[in-house]
Amino acid sequence: MSWGGRWIAVALVASACAPEPEAPPPATPTANPTPTPTESATEQPSLGAGIDASYTLELVKDPFPYVEVTLVTHGAPNGTTHLRMSDWGGVEHTENEVHALAVTGEDGKALPVEHTEGALWTLHHAPGALLRVRYALVSTQYDVGYGSESYYRPLLTPSLFHIIGNTALLHVGDVAEELPQRFSLRWKGFKEAGWKVASSFSVEQDGFEVTATSDDFRQAVFLAGELRLIRRDIHGSPLWLAVVGTEWGFFDNALADAAAKVVTAQRSFFEDYDWPFFLVSVVPVGQYSPGSYSQGGTGLT
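Chemist: Can you explain the overall build of the chain? Please cite residues and give values.
Modeler: Assigned secondary structure in the chain consists of 3 helices and 20 strands. Here the chain holds 301 residues, and 50% of them are scored as buried. Considering only contacts within the chain whose residues lie at least 6 apart along the sequence, 73% involve residues at least 24 apart. Taken as a whole, the chain presents about 14400 Å² of accessible surface, with 53% of it coming from carbon and sulfur.

This is the structure we're talking about:
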């Protein structure tokens with residue numbers, strides 16, 4: 001299974017032959033207060049040299065857990081910019097995942113935001129102005145079931161943050177999706193919380209830069225939490241396994257070895273050794289049921 005070389009299989013597997021489960025965590029409240037995006041007079045996310053769009057994902061623990069997303073980019077030359085999010089993978093109404101949306105210009109003054117329809121917002125600004133877009137992804141308000149409409153939405157639990165870019169990252173809809181851009185992503189607050197991070201593009205714990213189309217950048221997985229990172233090398237390039245949870249019927253190293261065999265065979269067949277990075281993420285979904293299993297995967301960037 002390959003889409004041109006670098007891809008991810010997001011493995012979503014219910015455990016088999018696992019020990020008795022621990023008591024479940026307390027139920028998530030049915031509603032959260034509206035988060036207030038953090039403000040800092042000394043540190044505003046900026047747009048580095050040569051970067052077209054910069055994302056910062058910041059884990060905020062107080063007064064309740066949420067992840068603040070900050071997008072810094074330039075607005076459209078005509079002074080009207082459209083922010084979009086995708087309905088993807090069976091997930092509908094992704095606009096409901098966006099909380100406390102606020103946009104400021106380079107001078108820090110708030111810009112009016114028109115929620116036009118669905119997952120579409122319209123901004124009016126000076127032509128080509130620098131824009132800082134902030135919003136929050138809040139704690140998961142539903143059980144993580146077997147259906148993709150559940151786990152393709154942003155997930156935030158006491159031990160896991162997991163998003164597919166299509167349904168969690170606002171982007172400028174006025175830029176052609178097939179146009180290569182330079183993206184940067186910064187992880188903030190996760191290391192301080194003792195969490196590890198991984199993504200379709202990197203396992204660097206502070207962040208990364210990558211050149212990709214808007215579509216490829218968002219067709220990707222970004223996760224953090226109490227995860228374990230296991231590495232195997234295939235023709236000099238790393239295969240990373242990111243595993244969440246302990247109630248599995250297999251050992252991490254055994255799965256990493258099996259994944260390496262599959263990827264090695266695929267690389268040999270297609271002769272596509274020039275792709276430098278490969279990630280397999282393993283995330284538990286559905287109800288814990290000892291002795292049973294279900295497995296599936298999604299090919300991403």
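What follows continues from the structure just given.
Chemist: Describe in detail the nonpolar core, supporting the description with residues and values.
Modeler: Judged by nonpolar contacts, the single largest core of 39 residues is most densely connected at Phe 161, Phe 190, Phe 217 and Phe 222. Of all the secondary structure elements, the ones that give two or more residues to this core are strand 2 (53-60), strand 3 (66-74), strand 8 (120-124), strand 9 (130-138), strand 11 (160-164), strand 13 (180-188), strand 15 (207-213) and strand 16 (221-225). The contact partners of Phe 222, leaving out residues within four places of it in the chain, are Phe 161, His 162, Ile 163, Gly 165, Leu 169, Leu 185, Trp 187, Ala 198, Ser 199, Phe 201, Phe 208 and Phe 217.

Chemist: Run through helix 3 (residues 252-270), naming residues and quoting values.
Modeler: Taking 1.5 Å per residue as the helical rise, helix 3 with its 19 residues ought to reach 27 Å, and the 27 Å between its terminal C-alpha atoms agrees with that figure. Of the positions making up helix 3, those classed as buried are Asp 252, Ala 256, Ala 259, Ala 260, Val 263, Gln 266 and Arg 267. With its buried residues spanning 135 degrees around the axis, helix 3 presents them on a single face. Facing away from the buried surface of helix 3 by more than 90 degrees, the exposed residues are Lys 261, Val 262 and Phe 269. Its buried side turned inward, helix 3 meets strand 17 (227-234), strand 18 (237-244) and strand 19 (278-283). Glu 271 occupies a position one or two residues after helix 3 and carries a positive phi of about 55 degrees.

Chemist: Explain the pattern of salt bridges residue by residue, including any values.
Modeler: Under the defined criterion, the tally for this structure stands at 9 salt bridges. Across the pair Arg 228 and Asp 252 runs a salt bridge whose closest N-O atoms are separated by 2.5 Å. Of this pair, Arg 228 sits in strand 17 while Asp 252 sits in helix 3, and the two are 24 residues apart along the sequence. Salt-bridge contacts for Asp 272 lead to Arg 267; the nearest nitrogen and oxygen are separated by 3.3 Å. Pair check on accessibility: Asp 272 and Arg 267 agree, each one buried.

Chemist: Provide a residue-level description of the sheet that holds strand 7 (residues 113-117), including the pertinent values.
Modeler: Spatial ordering of the open sheet is given by 7-8-4-12, a layout of 4 strands whose pairing is antiparallel. One side of each edge strand has no neighbouring strand; the edge strands of this open sheet are strand 7 and strand 12 (171-172). One ladder, built from 5 bridges, connects strand 4 (residues 80-84) with strand 8; its direction is antiparallel. Of the residues in strand 8, the one forming a bridge with Thr 81 is Leu 123.

Chemist: Before we move on, can you summarise the pairing of strand 8 with the specific residues and values?
Modeler: With 4 of its 5 residues buried, strand 8 lies for the most part within the structure. The pairing of strand 7 with strand 8 spans 4 bridges and is antiparallel. Each bridged residue has a counterpart across the sheet, and for Val 113 the counterpart in strand 8 is Leu 123. The turn joining strand 7 and strand 8, which pair antiparallel and follow one another in sequence, is formed by 2 residues; a positive phi near 50 degrees is taken by Gly 118.

Chemist: Would you mind going over the sheet that holds strand 5 (residues 99-104) in detail, with residue names and values included?
Modeler: Strand order in this open sheet of 7 strands is 6-5-9-3-2-13-15, and the pairing throughout is mixed. The strands lining the two open edges of the sheet, one partner per strand, are strand 6 (110-111) and strand 15. The pairing of strand 13 with strand 15 spans 7 bridges and is antiparallel. Bridge assignment links Ser 184 to a residue of strand 15, and that residue is Glu 209.

Chemist: Explain unusual backbone geometry residue by residue, including any values.
Modeler: Of note, Ala 100 is a non-glycine position whose phi angle comes to about 55 degrees, a positive value. Phi is positive for Glu 271, which is not a glycine, with a value near 55 degrees. Positionally, Glu 271 belongs in the loop between helix 3 and strand 19. You can call Glu 271 exposed: its relative accessible area is 65%.

Chemist: Please set out the pairing of strand 11 residue by residue, giving values where relevant.
Modeler: Each regular strand displays side chains that alternate between the two surfaces of the sheet. With 5 of 5 residues buried, strand 11 is to be regarded as a mostly interior element. Of the two faces of strand 11, the one lined by Leu 160, His 162 and Ile 164 and the one lined by Phe 161 and Ile 163 are each fully buried. Relative to strand 11, strand 10 (residues 155-157) is paired through 3 bridges, and the arrangement is antiparallel. For Leu 156, the partnering residue across the bridge sits in strand 11 and is Phe 161. Counted between consecutive antiparallel strands, the loop separating strand 10 from strand 11 contains 2 residues. Pairing geometry for strand 11 and strand 16, over 5 bridges, is antiparallel. By the bridge assignment, Phe 161 is partnered in strand 16 with Ala 224.

What counts, and at which threshold
- Residues numbered from 1 in each chain as written.
- Predicted model: local features only at pLDDT ≥ 70, side-chain atom pairs only at ≥ 80, totals over all residues.
- Heavy atoms only, no water.
- Helix = DSSP H or I, 4+ residues; strand = E, 2+ residues; numbered from the N terminus.
- Buried < 20%, exposed > 50% of the residue type's maximum accessible area, 1.4 Å probe, protein only.
- Contact = heavy atoms within 4.5 Å.
- Areas by Shrake-Rupley, 256 points an atom, 1.4 Å probe, with all protein chains shown as cover.
- Core = buried A, V, L, I, M, F, W, Y, C linked by side-chain atoms within 4.5 Å.
- Expected span 1.5 Å × (residues − 1).
- Arc of directions from axis to C-beta.
- Salt bridge = Lys/Arg side-chain N within 4 Å of Asp/Glu carboxyl O.
- Pairing = 2+ DSSP bridges.

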